[in-house]
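Each chain, letter by letter, is given below.
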Amino acid sequence: MIPIDGQVVLTAKAMRAAEQVLFDGGMRETALMQRAGEAVAQSVARLAAGREVLVLCGPGNNGGDGYVAAASLRRQGLPVRVTASGEPRSESGRWARSLWEGGIETLDTAGPAPVLVDALFGTGLSRALDGSVQAALSRLASAAGLRIAVDLPSGVATDDGQLLGEVPRFDVTLALGAVKPAHLLQPAAQKMGHVRLLDIGVPVDGGTRVLAKPWLPEPNAASHKYSRGLVTIVAGAMSGASKLAATAALRAGAGYVLHLSESDGQAGHPHAIVRRDYSADALMDDRIGAIVVGPGLGRDNVARAKLGAALGSGRPLVIDGDALRLVDADALGEHIGPKILTPHGGEFTHLFGDATGAKTDQTLHAAERTGAVVVHKGADTVIAAPDGRTILCPEANAWLSTAGTGDVLAGAIGAMLAAGLEPLAAAEAGVWLHGRAARRCGRAFIADDLADALSAVRG
């Protein structure tokens, strides 16, 4: 079982194409099914720890994997039972069914077991399960002490993470061959439990991957405050938000943070942050590595003028908060410097309109349209670059749903951008640091705690 950090993510269509490469090379579908089922059995045996296992098999290839796994578990001496929702529909499925030498219980009459393995339906499901199948799955899952899904929990749409009916929550999901979008996109992600990848020899490649621990810039003997990165924060009507962004930028590793505001009180503002009166000329300093504009900016004409000055500066930009309500998505392409947008769901809709399709597709289209890296925030944050590279992030800490945490993220990303990381790498590093800081804070933290925790997670 392999952790999914940094792993390639494939849609259902891309997964089928990857498997076809093996078939075109002479591998039989039954051989790949054998690999998958044996890999599942190895993982289940480790997790079951001798407890009885009930394997639920569907009529497709996912069910075939289940039959192979059940037969392998029995050979290993584990107590195993099998129940099926119907007869296998394919030749490969019938072959896998022939490997199981025990009886097969009907789904609606099967009794529970301490360990449940769901191999009913996996990648490619496009409609809700039959009501009786949903009811049986729910009943058996509720009674199990350990619930394991093969590839995906039954009832999940592979590419957009939608739930196609009632889906139980699983403790472990064993991704076969590659991570799928639904492992990370909500609402399906909350049903997965711990997702682990099983390598079954499928050649996997693509421009979408899972967030991983990034390379973070470190100072050396030649470093000074400007070489580590100067981040300029453009303040507005609510200076508390911009101060949070400034603190986060400094805590994330920036060498110099400049907070520009018409009226900058001292309360809650680290003395290490340089405070100056705002002027558009201050944004033209060649030493600036990144400008963060938007946190607490306001939405009046003064705010519009500040945003316009930031856009006109040509400096690398992080555009967040109120600035996302003011900026014209189609005009962003006119800004010649690197830029990162950090909208939450409401801001994304305001900027790009109501969108359909998977969150991954929505975010990628937004990046292509604006020429910016887009960090589409949420419990299932998606990061996309205009060149098609996309990063899916594991489920976020629910305690991040408090005021100011987005300002902290903007500051952290600004520090990474100012340090010289290219925009996608800067966005990934900022999101990773933000998530780690939230984990360190535990429960019921506030944004100030989150910003301060960034220093500790740099190690």
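Residues numbered from 1 in each chain as written. Predicted model: local features only at pLDDT ≥ 70, side-chain atom pairs only at ≥ 80, totals over all residues. Heavy atoms only, no water.

Going by the annotation in an unreviewed UniProt entry, the name recorded for the chain is Bifunctional NAD(P)H-hydrate repair enzyme, with Sphingomonas paucimobilis NBRC 13935 given as the source organism. The UniProt entry for the chain carries this comment under Subunit (unreviewed entry): "Homotetramer." (UniProt positions renumbered as here; feature names shortened; annotations may be inferred.)

1. What about the UniProt feature "domain: YjeF N-terminal" (unreviewed entry) in the chain?
Mapped onto this numbering, the UniProt entry gives "domain: YjeF N-terminal" (unreviewed entry) at residues 15–208. This span, residues 15–208, is 35% helix and 18% strand, and a straight line between its end C-alpha atoms measures 13 Å. (Helix = DSSP H or I, 4+ residues; strand = E, 2+ residues; numbered from the N terminus.)

2. Considerations on the layout of surface pockets
Approximately 670 Å³ is the volume found for the second largest pocket. Lining the second largest pocket are 26 residues, and of these Gly60, Asn61, Asn62, Gly122 and Thr123 lie nearest its centre. Elements with a contribution of two residues or more to the lining of the second largest pocket: helix H1 (12–24), helix H2 (29–48) and helix H3 (61–75). Examining the composition of the lining of the second largest pocket, we find that five residues originate from one element, H1, more than from any other. Looking at the lining of the second largest pocket residue by residue, the classes come out as eleven nonpolar, seven polar and eight charged. (1 Å grid on protein atoms, 1.4 Å probe; cavity = no way out; pocket = protein on both sides within 12 Å on 5 of 7 lines; lining within 4 Å. Points joined across faces, edges and corners; volume = space filled by probe spheres on them. Nonpolar A, V, L, I, M, F, W, Y, C, P; charged D, E, K, R; others polar.)

3. With respect to the environment of Ile413
Topologically, Ile413 is positioned in helix H11 (residues 405–418). By relative accessible area, Ile413 is classed as buried at 0%. Separated by 20 residues in sequence, Ile413 and Leu433 have C-alpha atoms that sit 9.0 Å apart. Once residues within four sequence positions are removed from consideration, Ile413 is found in contact with Val318, Ile340, Thr342, Val375, Ala426, Ala427 and Gly430. (Buried < 20%, exposed > 50% of the residue type's maximum accessible area, 1.4 Å probe, protein only. Contact = heavy atoms within 4.5 Å.)

4. A look at the sheet that holds strand E13 (residues 288–293)
In spatial order, the strands read E9-E18-E17-E16-E15-E14-E13-E10-E11-E12; together these ten strands make up an open sheet with mixed pairing. At either margin of the open sheet sits one strand with a lone partner, and together these are strand E9 (208–210) and strand E12 (274–276). Neighbour-to-neighbour, the strand axes of the sheet open up by a mean angle of 20°, direction not taken into account. Across the sheet, helix H10 (residues 359–370) lies against strand E15 (339–341), strand E16 (373–376), strand E17 (382–384) and strand E18 (390–392), angled at about 145° from E16, the strand it touches most. Against the sheet, helix H12 (residues 423–441) touches E9, E15, E16, E17 and E18, its axis set at about 20° to E16. (Pairing = 2+ DSSP bridges. Axes fitted to C-alpha atoms, helices over the stretch in contact; angles between N-to-C directions.)

5. Description of the nonpolar core
Among the nonpolar cores identified, the biggest contains 50 residues, and Ile383 and Met416 are the most heavily contacted of them. Elements supplying a minimum of two residues to this core: strand E10 (230–234), helix H6 (239–251), E13, E16, H11, H12 and helix H13 (447–457). Residues contacting Met416, with those up to four places away along its chain left out, are Leu216, Pro217, Ala252, Leu421, Ala426, Ala429, Gly430, Leu433 and Arg458. The next biggest cluster of nonpolar side chains, apart from the first, holds 42 residues, and it includes Ala69, Trp100, Leu146 and Leu176. (Core = buried A, V, L, I, M, F, W, Y, C linked by side-chain atoms within 4.5 Å.)

6. A short note on the environment of Gly60
By the secondary structure assignment, Gly60 is in the loop between strand E2 (53–57) and H3. C-alpha of Gly60 to C-alpha of Leu120: the two residues are 60 residues apart in sequence and 7.8 Å apart in space.

7. Points about the packing of aromatic side chains
Within a pair of aromatic rings, the relevant descriptors are the distance that separates the centres and the angle that separates the planes. All told, the structure shown has two aromatic pairs when counted by the stated rule. Ring centres of Tyr226 and Tyr256 lie 5.3 Å apart, and the angle between their planes is 20°; on these two criteria the pair is classed as stacked. Note that Tyr226 is positioned in the loop between E9 and E10 and Tyr256 in strand E11 (residues 256–260), a separation of 30 residues in sequence. Residue classification places Tyr226 among the partly exposed positions, given a relative accessible area of 26%. What makes Tyr256 buried here is its relative accessible area of 9%. (Phe/Tyr/Trp six-rings, centres within 6.5 Å; stacked < 30°, edge-to-face > 60°.)

8. Section: the state of the cysteines
Covalent bonding between the sulfur atoms of two cysteines is what defines a disulfide. Counting across every chain of the model gives zero disulfides. With no disulfide of its own, Cys393 lies closest to Cys441 among cysteine sulfurs, the gap being 18 Å. (Disulfide = S-S within 2.5 Å.)

9. Thoughts on the sheet that holds strand E8 (residues 194–198)
The mixed open sheet is built from eight strands, whose spatial order is E1-E8-E7-E6-E5-E2-E3-E4. Two strands bound the open sheet, and with one partner strand each, they are strand E1 (2–3) and strand E4 (104–106). Bridge analysis of strand E7 (residues 172–176) against E8 gives five bridges, and the strand direction is parallel. Across the sheet, residue Thr173 finds its bridge partner in E8, namely Val195.

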